[in-house]
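Breakdown of the fold
Chain residues, written in single-letter form:
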Amino acid sequence: MPDRKRTDDTNDAVSGNQGPSPDAGNEAARRRRRAQFLRELHEAKELRDRVQPRRARAERMRQAVRMRTFRW
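The notes below deal with the structure included here. (Residues numbered from 1 in each chain as written. Predicted model: local features only at pLDDT ≥ 70, side-chain atom pairs only at ≥ 80, totals over all residues. Heavy atoms only, no water.)

Moving on to a nonpolar patch on the surface. Together, Phe-37, Leu-38 and Leu-41 make up a nonpolar patch on the protein surface, roughly 270 Å² of accessible area in all. Looking at the secondary structure, you find Leu-38 in helix α1 (residues 22–51). (Patch = residues over 30% accessible without salt bridge, like charges linked within 9 Å, V, L, I, M, F, W, Y side chains within 5 Å. Areas by Shrake-Rupley, 256 points an atom, 1.4 Å probe, with all protein chains shown as cover. Salt bridge = Lys/Arg side-chain N within 4 Å of Asp/Glu carboxyl O. Helix = DSSP H or I, 4+ residues; strand = E, 2+ residues; numbered from the N terminus.)

Below, the discussion takes up a negative patch on the surface. A surface patch of negative charge is lined by Glu-40, Glu-43, Glu-46 and Asp-49. Mapped onto the secondary structure, Glu-43 falls in helix α1. When its relative accessible area of 54% is taken as the criterion, Glu-43 is described as exposed. (Lys, Arg positive; Asp, Glu negative; His and termini not counted. Charge placed at Lys NZ, Arg CZ, Asp CG, Glu CD. Buried < 20%, exposed > 50% of the residue type's maximum accessible area, 1.4 Å probe, protein only.)

Any two side chains of opposite charge can pair, on the condition that their charged atoms come close. In total, this model carries four salt bridges according to the counting rule given. The salt bridge involving Glu-27 is made with Arg-30; its shortest N-O contact spans 3.0 Å. Residue Glu-27 and its partner Arg-30 are both found in helix α1; the two are separated by three residues, about one turn of the helix. A relative accessible area of 38% means that Arg-30 is categorised as partly exposed. Glu-59 serves as the salt-bridge partner of Arg-62, at 2.9 Å between the closest nitrogen and oxygen. Taken together, the positions of Arg-62 and Glu-59, both in helix α2 (residues 53–69) and three residues apart, correspond to about one turn of that helix. Of the residues examined, Arg-62 reaches a relative accessible area of 43% and is grouped as partly exposed. Look at Glu-59 and you get partly exposed, because its relative accessible area is 34%. Connected via shared salt-bridge partners are Glu-27, Arg-30 and Arg-31.

Below, the structure is given as structure tokens:
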């Protein structure tokens, strides 16, 4: 059988002197979006704790009970 060049093989098409791969840019953008999301989530939780102190206290108590019953 004759050897055929695979069309989906990108290793031969990429030269060694190119910059970072496009995936690195996508990964960096994903990390930025994730960091922004986590900052906003933390801010929202703090706001909720300030406007609903009774609920926040109850949640802290439940977390404390969970931590006491957690087995290492």
